Structure formats: C-alpha cells, structure tokens
Amino acid sequence: APGWRRREREGDDIEVDEALHVALAARSGEAGDERVHRRLQRTGERVAAVLLIDCSASSAAPHGDGGLTRLAWQQHHARLLADAMTEAGWRFALHGFDSDGRHAVEVRRIKGFDEAWDEAALQRLGGLESGLSTRLGGVLRHATDALLAQVADRRLLLAMGDGEVHDIDIHDPRYLVEDARQAVRTARLAGVRCVALVLEEAGLDSARRIFGSPQVGLVAGGGLRPAMLARLLAG
C-alpha cells in the first residue's frame, strides 16, 4: 500500500532504509531527515546483508589525502556501516577476503550473522592485513550462499574495494571480470541485491562491468556520502 512509503517523525513502524540513512548521515557530520516512521502497522521487513572488504595486496596502497591505506579506509567505513546496520535491526555478516589461485580463496570471518557486533568483532576487523590477490567471483558466490541461507524479506551483498580483480593463475583479467559478473547475475536471479563501493576511478570500468553502473558508487575524496549509499541500497 502507498502508505507504507510515507515518512513521518512518529508512527507504528520504522522504515529501515531511512533509519540506516540517518545513522550514516549523523556519523558523517551531515544532517539527516529524521522522518523514518511508517503510519501503518505490519511486520517489519527482515533484511540480511553481507559486507565484503578487499584485503588483497593492492589494499595497502594509499587512498585519499588523509594518509590512510585503502584497507584502513575500508576498516573505518565498515565500522560505520556495521553500526548503522545494527541500529536498523539488520542481520548481517562482515568478511575480509583475498586469494592465491582458484583453489585458495580465503574469506576471513569478522562477524557472522548470529554473532554480536561487539569488541571481539571490532578487534577482528582491526586485525585485517593486506596481501595476495582478488578473485572476486568465488567470494561473491560464497556470500550469496550465506545470504540465501538466511530467513529474510530482502538480501543485500555490499562489496568494498578498488574495483580491480586479479589472481596469480589467470593472465587475462577479462576472465575474472566475467566470472565475477556471472556470480552477480546468479545472485540477482536468486533475489540478492549486489552493489559495490569503489575507492579508485581506475577500477570503475571493471566494477561497472561486474555490478552494472547503477549499482556502483565511487567514493570521492575518501569519504562515504550518505546520499550515495542510500541510492545504492534502495530497492
């Protein structure tokens, strides 16, 4: 019903997308629209999400003007996103990843769906290190399987990184792009929304090829813009 999309300061239910937007805006020093309630009653939407952090060797490169590496930028903003998803009531998992050939794709657990977002998870997030390669397709398939195992009305896969894919056993980068693109296509057919936050303009072409242009956001100047994130998460 149309009434479910009305934004009110008070109401019977909370629109989780708007609540997530407001939480991110507050942490970024921006004023958010606090009209996050619905006027009608119904069971709240159940959202499951996986947030992926690129821990390949390229994540050790600097990003932006603040002296942070790409990995440090991801760690910082993963914490902000995890805080916001917790406040919005989403079930979510957080993983770092890298690879060393097709038979050695590593997914590092930071937080599982059934685990708390607590000090132990924060320590695992802070302990991530850069190294090895980026075989994204296998990681996307793993995340998709994990999401499909969750009871949810909406499922979201959010990947952060420089947008590039590579591995030691593949000499044609187009293969890895197409492999990841097929993984995204399969995920979407199963009902998983896949989006990407890309750190560098150099990685936009491959990221757009993999995820589709509307599902890719460029993080300009090292900052995560709530309006951009809200657009990517919508739908």
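(A) Main features of the overall build of the chain. Looking only at helices and strands, the chain has seven helices and 10 strands in total. Relative to its 235 residues, the chain shows a buried fraction of 49%. Contacts spanning at least 24 positions in sequence make up 70% of the contacts within the chain whose residues lie at least 6 apart. Total accessible area computed for the chain in this model is approximately 11200 Å², and 49% of it derives from carbon and sulfur atoms.

(B) Summary view of empty space enclosed by the protein. Applying the stated criterion to the full structure yields one cavity of 30 Å³ or more. Its volume calculated, the largest cavity comes out at about 130 Å³. In terms of residue class, the lining of the largest cavity is made up of 11 nonpolar, three polar and three charged.

(C) Summary view of the nonpolar core. Formed by 31 residues in total, the largest nonpolar core has its most connected members in Ile53 and Leu197. Secondary structure elements with two or more residues in this core: β3 (47–54), α2 (70–88), β6 (91–99), α3 (119–126), β8 (154–161), β9 (192–198) and α7 (226–233). Residue contributions to this core peak at seven residues, all from α2. If near-sequence neighbours (up to four positions away) are discounted, Ile53 is found in contact with Leu71, Gln74, Ala78, Leu94, His95, Gly96, Phe97, Ile110, Leu125, Leu128 and Met160. One finds Phe113, Leu136, Ala180 and Leu204 within the second-largest nonpolar core, a separate group that totals 30 residues.

(D) How the structure looks around the pattern of salt bridges. Evaluation of the coordinates by the stated rule reveals 13 salt bridges. Asp114 is paired through a salt bridge with Arg91; the nearest N and O atoms lie 2.9 Å apart. Remark: Arg91 occurs in strand β6 and Asp114 occurs in the loop between β7 (105–111) and α3; sequence separation between them is 23 residues. Judged by its relative accessible area of 69%, Asp114 falls in the exposed class.

(E) Spatial organisation of the sheet that holds strand β10 (residues 216–218). If you trace the six strands from one edge of the open sheet to the other, you get β7-β6-β3-β8-β9-β10, paired in mixed fashion. Each edge of the open sheet carries a strand with a single partner, namely β7 and β10. Averaged over all pairs of adjacent strands, the angle between strand axes in this sheet comes to 20°, irrespective of strand direction. Pairing geometry for β9 and β10, over three bridges, is parallel. When the sheet's bridge partners are listed, Ala196 is paired in β10 with Val216. Docked against the sheet, α3 engages β3, β6 and β7, running at close to 145° with respect to β7.

(F) The environment of Val151, seen in detail. Note that Val151 resides in the loop between α4 (136–148) and β8. By relative accessible area, Val151 is classed as exposed at 60%. Sequence separation between Val151 and Arg46 is 105 residues, and the spatial gap between their C-alpha atoms is 7.7 Å.

(G) Representation of the packing of aromatic side chains in the model. Counted by the stated rule, this structure contains one aromatic pair. Seen from the ring of Phe92, Lys111 lies directly overhead, with NZ or CZ sitting 4.2 Å from the centre.

(H) Summary view of the packing of α2 against α3. Close contact between α2 and α3 brings their axes to 10 Å; oriented N to C, the two are set at 155°. If you check the angle between α2 and α3, you find them roughly antiparallel. For the pair α2 and α3, the sense of crossing is right-handed. Of the residues in α3, those in contact with Gln75, Ala78 and Arg79 of α2 are Leu122, Leu125 and Gly126. For the contact of α2 with α3, the per-class residue count stands at three nonpolar, two polar and one charged.

(I) Layout of the side chain of Ser206. Structurally, Ser206 can be placed in helix α6 (residues 204–211). Within the local environment of Ser206, its side chain forms a polar contact with the backbone oxygen of Gly203, the two atoms lying 3.2 Å apart.

(J) Representation of the pairing of β8 in the model. Counting buried residues in β8 gives eight out of eight residues, a clear majority hidden from the surface. Alternating positions in β8 separate into two faces, Arg154, Leu156, Leu158 and Met160 on one and Arg155, Leu157, Ala159 and Gly161 on the other, with burial throughout. As judged from the seven bridges shared by β3 and β8, these two strands associate in the parallel manner. Looking across to β8, one finds that Val50 is bridged to Leu157. Note on the crossover from β8 through helix α5 (residues 173–189) to β9: the handedness is right-handed.

What counts, and where the lines are drawn
For every chain, the first residue of its written sequence is number 1, and the numbers climb from 1 along that sequence. Reporting in this predicted model follows two pLDDT cut-offs: at least 70 for local features of residues, and 80 or more for side-chain atom pairs to be given and counted; totals over whole chains, interfaces and linings ignore these cut-offs and use all residues. Side-chain numbers here rest on the full set of heavy atoms in the structure, without hydrogens or water. For helices the rule is a DSSP run of H or I covering at least 4 residues; for strands it is a run of E covering at least 2, with both sets numbered from the N terminus onward. Buried residues are those whose accessible area, probed at 1.4 Å on protein chains only, stays under 20% of the maximum for their type, while exposed residues exceed 50% and partly exposed ones sit between those limits. The contact criterion used is simple: two residues touch if any of their non-hydrogen atoms lie within 4.5 Å. The protein chains shown are the only cover counted for residues, whose accessible areas, like all others here, come from Shrake-Rupley with a 1.4 Å probe. Grid spacing is 1 Å over the protein atoms alone, the probe is 1.4 Å, and a cavity is where that probe fits but cannot get out, while a pocket is an open set with protein on both sides within 12 Å along at least five of seven lines and lining residues have an atom within 4 Å of a point. Grid points are joined across faces, edges and corners, and a volume is the space filled by probe spheres set on the points. Note that Gly is not counted as nonpolar here; it falls among the polar residues with everything else outside the nonpolar set of Ala, Val, Leu, Ile, Met, Phe, Trp, Tyr, Cys and Pro and the charged set of Asp, Glu, Lys and Arg. The criterion is simple. A nonpolar core is a set of buried Ala, Val, Leu, Ile, Met, Phe, Trp, Tyr and Cys residues joined through side-chain atoms within 4.5 Å. What makes a salt bridge here is a side-chain nitrogen of Lys or Arg within 4 Å of a carboxyl oxygen of Asp or Glu, nothing more. By definition, two strands form a pair when at least two bridges between them are found by DSSP. Interaxial angle, 0 to 180 degrees, is taken between N-to-C directions of lines fitted to C-alpha atoms, where a helix line uses only the stretch in contact. Aromatic contacts are taken between Phe, Tyr and Trp rings whose centres are within 6.5 Å, Trp giving its six-membered ring; a plane angle under 30 degrees counts as stacked, one over 60 as edge-to-face, and the others as tilted. Two conditions define a charge located above a ring, namely a distance within 6 Å from the ring centre to NZ of Lys or CZ of Arg, and an angle within 35 degrees of the ring normal. Throughout this description, any angle smaller than 35 degrees is read as roughly parallel, any larger than 145 degrees as roughly antiparallel, any in the 65 to 115 degree range as roughly perpendicular, and the remainder as oblique. Crossing handedness is read from the near helix: turned anticlockwise from the far helix by less than a right angle, it gives a left-handed crossing, and turned clockwise, a right-handed one. For this analysis, a polar contact is any N or O atom pair within 3.5 Å, provided that within protein one partner can donate a hydrogen and the other can accept it, and provided that sequence-adjacent residues contribute only side-chain to side-chain pairs. Note on handedness: a clockwise path from strand one over the helix to strand two, with the strands aimed away from the viewer, defines a right-handed crossover.

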